[in-house]
Amino acid sequence: MYPVVCLQEATQAVTVNLGGEEFLFDVEGFVQNSETQRRNEVEKVCVSQDDVKKVVEGYLLWNGYRETYESLVASGGERGSVGDAAGCERDGTRSPLLRTLRIQITHRIHQGDVTAAHALTLSHYPTVLATNPSLCTRFGCQAVVEMIRRGVDGEECVQRLRRCMGGVEDEESEELVEAVCTLLAYPHPHTSPPSYLLDPAFRDTLSDHVNRGIISLATGTPETTSNLGTLIRQCVCVQRELRCAWEGGGGGEYGFADVVGGV
């Protein structure tokens, strides 16, 4: 959005205030009022403790945090018991969520041992990789990132990256490969623009995709996500739409802290 001022005569003039003087329009008051209105709208929504607990339980199950799930259920009293968690092992739709093998794959990814995680997935869930070329690409890209993190020779990283380029079949995978190539090109990758790839938190992206692939295969349903993950994504989308409305269509990236701030 570009502000434009039209002057029709040579004697006309306009004064621009870039913040050196107090604005006639109360910008801070407008922002505070908008935040208050948003908070009031959120507080009007009735969410029971049982609803919150179900969302948290779904997140723990989906991500394989068995011990935490069992502790939560055991402390709940009314809803289930520790035995229910074991019973889920025999449930055809939920057993993959609690299996030790899937948790081991996630753990290895978070530890940076992508090669071991890939070997486990290939050994026990070969169909997940065979039917999902983009996941193979993600494994390969993350392996290169871990090599860069360890300071492995650049030529070896290039060779490894070339082997995973065959699975590039979608825009998201193409962007990931391009980002890894850019990271590899910088002499100091930790201070480069795509240095976010080296953030340990970025490993969650691969872990999340593997999780969805295994669950989708085991349950025979399309790839899905946890209720909490869906809720967060919905919050982000709603907040972006609200920001666009407030700023007259401006929009822009919005951090998660802005989404939950003051709630």
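This section reports on the structure supplied with the text.

What counts, and where the lines are drawn
- Residues numbered from 1 in each chain as written.
- Predicted model: local features only at pLDDT ≥ 70, side-chain atom pairs only at ≥ 80, totals over all residues.
- Heavy atoms only, no water.
- Salt bridge = Lys/Arg side-chain N within 4 Å of Asp/Glu carboxyl O.
- Helix = DSSP H or I, 4+ residues; strand = E, 2+ residues; numbered from the N terminus.
- Buried < 20%, exposed > 50% of the residue type's maximum accessible area, 1.4 Å probe, protein only.
- Axes fitted to C-alpha atoms, helices over the stretch in contact; angles between N-to-C directions.
- Parallel < 35°, antiparallel > 145°, perpendicular 65-115°, else oblique.
- Contact = heavy atoms within 4.5 Å.
- Nonpolar A, V, L, I, M, F, W, Y, C, P; charged D, E, K, R; others polar.
- Core = buried A, V, L, I, M, F, W, Y, C linked by side-chain atoms within 4.5 Å.
- Expected span 1.5 Å × (residues − 1).
- Polar contact = N/O pair within 3.5 Å; in protein donor to acceptor, adjacent residues only side chain to side chain.
- Patch = residues over 30% accessible without salt bridge, like charges linked within 9 Å, V, L, I, M, F, W, Y side chains within 5 Å.
- Areas by Shrake-Rupley, 256 points an atom, 1.4 Å probe, with all protein chains shown as cover.

### A short note on the pattern of salt bridges
One pass over the structure, following the stated rule, counts five salt bridges. Note that Arg149 is salt-bridged to Glu146, the shortest N-O span being 2.9 Å. Taken together, the residues Arg149 and Glu146, both in helix α8 (residues 133–149) and three residues apart, mark about one turn of the helix. Between Asp208 and Arg212 there is a salt bridge, with its nearest N and O atoms 3.7 Å apart. Of this pair, Asp208 and Arg212 both sit in helix α11 (residues 203–219), four residues apart, which is roughly one turn of that helix. By relative accessible area, which is 19% here, Arg212 ends up buried.

### As for the packing of helix α9 (residues 154–163) against helix α10 (residues 171–185)
Taken N-terminus to C-terminus, the directions of α9 and α10 make an angle of 170°; their axes are 11 Å apart at the nearest point. Overall, the two elements α9 and α10 adopt an arrangement that is roughly antiparallel. Packed against α9, whose contacting residues are Gly154, Cys157, Val158 and Leu161, the element α10 presents Val180, Cys181 and Leu184 at the interface. Here the contact of α9 with α10 is composed, by residue class, of six nonpolar, one polar and no charged.

### Focus on the nonpolar core
Formed by 16 residues in total, the largest nonpolar core has its most connected members in Cys141, Val180 and Leu197. Of all the elements in the fold, those that place two or more residues in this core are α8, α9 and α10. Other than its neighbours up to four places away in sequence, Leu197 contacts Val145, Arg149, Leu176, Ala179, Val180, Leu183 and Phe202. With 15 residues, the next largest nonpolar core counts Tyr125, Leu135, Phe139 and Ile214 among its residues.

### As for helix α1 (residues 27–44)
Since the α-helix advances by 3.6 residues per turn, residues separated by three or four positions end up pointing in the same direction. Over its 18 residues, α1 extends 26 Å from the first C-alpha to the last, a length consistent with the 26 Å expected when each residue adds 1.5 Å. Structurally, the start of α1 carries an N-cap: the backbone nitrogen of Gly29 is 3.0 Å from a side-chain oxygen of Asp26.

### Topic: a nonpolar patch on the surface
Where nonpolar side chains cluster on the molecular surface, the patch consists of Val5, Leu7, Val14, Val16 and Leu18 and spans about 530 Å² of accessible area. Since its relative accessible area comes to 56%, Val5 is described here as exposed.

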